[in-house]
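Letter by letter, the chains look like this.
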Amino acid sequence: EPEVTQTPSHQVTQMGQEVILRCVPISNHLYFYWYRQILGQKVEFLVSFYNNEISEKSEIFDDQFSVERPDGSNFTLKIRSTKLEDSAMYFCASNARWGGQFFGPGTRLTVL
Amino acid sequence: AQSVTQLDSQVPVFEEAPVELRCNYSSSVSVYLFWYVQYPNQGLQLLLKYLSGSTLVKGINGFEAEFNKSQTSFHLRKPSVHISDTAEYFCAVSDGGNQFYFGTGTSLTVIP
């Protein structure tokens, strides 16, 4: 069964450093998303991406964040200058058409 | 904006007993409703979804949910739980856009 994959599973970085979280969505999917989940809190929407551009973004997704689909398979989330409060689990999701998103296993980001 | 309320943060239940996890949403427009399950250290897995049609929706692992428009609820039920059902359960809602709004989650613990 096809699945969304994410790498790395755990990323540790120093405050102020740039990180790139990588995702490989399901191959025939067209819509891509990033969410985050701070420990003990609910899952929060960050951004959606379709047709090589951002279609929606939340207030969390400020200028420090960017997304990119550099090739036909990867979908990345970049945080330019990490802050302590960026520590969270980041989930990538995708879907072919509207009706329920498929989530990856997540990347746990720890900012020291 | 949508909002989702999961009133029960923790639900302990004995094995083979029935369980109901409550979800209420606030919206003035048509909504689409979802339940996701998150096992420890894993991503979110879609359990079931309501898009239209029958208000009783059946999902994987023996779970079902009923959409009640007048009560703006989408409670999740299972007639007989197993130890393997121990996980975090998230209700989510969308108004048709790309953004999903998640509840704070309900931690289901099945007691042997």
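Structure: see above.
Residues numbered from 1 in each chain as written. Chains lettered and ligands numbered in written order. Predicted model: local features only at pLDDT ≥ 70, side-chain atom pairs only at ≥ 80, totals over all residues. Heavy atoms only, no water.

Concerning the overall build of chain A
Turning to step 1, where the next piece is worked out: Looking only at helices and strands, chain A has zero helices and eleven strands in total.
Turning to step 2, where the next piece is worked out: For chain A, whose C-alpha radius of gyration is 13 Å, the value lies close to the compact-globule estimate of 13 Å for 112 residues.
Turning to step 3, where the next piece is worked out: Long-range pairs, those at least 24 residues apart, make up 54% of the contacts in chain A with a sequence separation of at least 6.
Turning to step 4, where the next piece is worked out: Accessible surface, chain A: about 5,700 Å² in total, of which carbon and sulfur atoms supply 46%. (Helix = DSSP H or I, 4+ residues; strand = E, 2+ residues; numbered from the N terminus. Rg over C-alpha atoms; globule rule 2.2 N^0.38 Å. Contact = heavy atoms within 4.5 Å. Areas by Shrake-Rupley, 256 points an atom, 1.4 Å probe, with all protein chains shown as cover.)

Remarks on the sheet that holds strand β3 (residues 19–24) of chain A
Residues and elements named next belong to chain A.
Turning to step 1, where the next piece is worked out: Taken together, the four strands give an open sheet; going across it, the order is β1-β3-β8-β7, and neighbouring strands pair in antiparallel fashion. Only two strands of the sheet have a single neighbouring strand rather than two, namely β1 (5–7) and β7 (65–68). Strand-to-strand, the axes of this sheet are offset by a mean angle of 20°, without reference to chain direction.
Turning to step 2, where the next piece is worked out: Sheet analysis places β3 next to strand β8 (residues 75–79), joined by five bridges and oriented antiparallel. The residue of β8 that forms the bridge with Ile20 is Lys78. (Pairing = 2+ DSSP bridges. Axes fitted to C-alpha atoms, helices over the stretch in contact; angles between N-to-C directions.)

Things to note about the state of the cysteines
Residues and elements named next belong to chain A.
Turning to step 1, where the next piece is worked out: The final tally for this structure, using the stated rule, is two disulfides over all chains.
Turning to step 2, where the next piece is worked out: Two residues share a disulfide in this structure: Cys23 and Cys92, whose sulfurs sit 1.9 Å from each other. Every disulfide takes its handedness from the sign of the S-S torsion; for Cys23 and Cys92 that torsion is -65°, giving left-handed. Of the two residues, Cys23 is situated in strand β3 and Cys92 in strand β9 (residues 88–95); the sequence distance between them amounts to 69 residues.
Turning to step 3, where the next piece is worked out: Classification of Cys23 by relative accessible area gives buried; the value is 0%. (Disulfide = S-S within 2.5 Å. Buried < 20%, exposed > 50% of the residue type's maximum accessible area, 1.4 Å probe, protein only.)

As for the nonpolar core
Note on soluble globular proteins: their nonpolar side chains tend to be buried together.
Turning to step 1, where the next piece is worked out: Counting 29 residues, the largest nonpolar core has Leu33(B), Trp35(B), Leu47(B), Leu48(B), Phe74(B), Leu76(B) and Tyr89(B) as the members making the most contacts within it.
Turning to step 2, where the next piece is worked out: Among the elements of the structure, β2 (10–14), β3 (19–21), β5 (32–38), β6 (44–50), β8 (64–68), β9 (73–78), β10 (87–94) and β12 (106–111) of chain B are those that each provide at least two residues to this core.
Turning to step 3, where the next piece is worked out: For this core, the leading source of residues is β10(B), giving four residues.
Turning to step 4, where the next piece is worked out: In contact with Phe74(B), not counting residues within four places along its chain, are Cys23(B), Leu33(B), Phe34(B), Trp35(B), Leu48(B), Lys49(B), Tyr50(B), Ala65(B), Glu66(B) and Phe67(B).
Turning to step 5, where the next piece is worked out: Formed by 22 residues, the second largest nonpolar core is a distinct cluster that contains Phe32(A), Ile79(A), Cys92(A) and Val111(A). (Core = buried A, V, L, I, M, F, W, Y, C linked by side-chain atoms within 4.5 Å.)

In short, the description is geometric, and any link to function would need to be established separately.
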